[in-house]
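A look at the structure
Each chain, letter by letter, is given below.
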Amino acid sequence: QVQLVESGGGLVQPGGSLGLSCVASGSSFSILDMGWYRQAPGKQRELVATITNAGSTKYEDSVKGRFTISLDFAKNTVYLQMNSLEPEDTAVYYCNADLTSNDWKIGHIEFWGQGTQVTVSS
């Protein structure tokens, strides 16, 4: 059993900053990659940022230079630091993790968090 628990969402003014955290816990596992996705009302879920266990990152074009994703292996936690927030960033942000474990029959499994609301408004 693996759980992803997000925190850090809230209301922020345009131009402000917000930091999201996602902690993976449960059975023993190794991280292949983790990332953040978001879904705004009436829109499809989209990739925000991902990071692999080797440190490679990928960002959605609109957040490049504003958002930073990082991974703390010691804490099994992925972070998303969001700066210069815009109203268009308003969405529910979901943590995603692609994990593997010697205890699992399946080679790797993808998990999702419950989501945390980020609202950018003046």
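Here goes a summary of the coordinates provided. These numbers were taken from a predicted model, which means no experiment stands behind them.

Further remarks concern the packing of aromatic side chains. According to the stated counting rule, one finds 2 aromatic pairs in the structure shown. A centroid spacing of 5.8 Å and a plane angle of 55° characterise the contact between W104 and F111, whose relative ring orientation is tilted. As far as burial versus exposure is concerned, W104 and F111 are alike and both buried. Against the face of Y37 rests R45, its NZ or CZ located 5.4 Å from the ring centre.

Let's shift gears to the nonpolar core. Ranked by internal contacts, the top residues of the largest apolar core, which has 33 residues, are L4, M34, W36, V78, L80, M82 and Y93. If you list the elements that add at least two residues to this core, you get β1 (2–7), β3 (18–26), β4 (30–39), β5 (46–52), β7 (67–72), β8 (77–82), β9 (91–100) and β11 (116–120). It is β9 that contributes the most residues to this core, 5 residues altogether. Beyond its immediate stretch of four places on either side in the chain, M34 contacts L4, C22, A24, T50, I51, I69, L71, V78, C95, N96 and A97.

Calculation criteria
- Residues numbered from 1 in each chain as written.
- Predicted model: local features only at pLDDT ≥ 70, side-chain atom pairs only at ≥ 80, totals over all residues.
- Heavy atoms only, no water.
- Phe/Tyr/Trp six-rings, centres within 6.5 Å; stacked < 30°, edge-to-face > 60°.
- Buried < 20%, exposed > 50% of the residue type's maximum accessible area, 1.4 Å probe, protein only.
- Lys NZ or Arg CZ within 6 Å of the ring centre and 35° of its normal.
- Core = buried A, V, L, I, M, F, W, Y, C linked by side-chain atoms within 4.5 Å.
- Helix = DSSP H or I, 4+ residues; strand = E, 2+ residues; numbered from the N terminus.
- Contact = heavy atoms within 4.5 Å.

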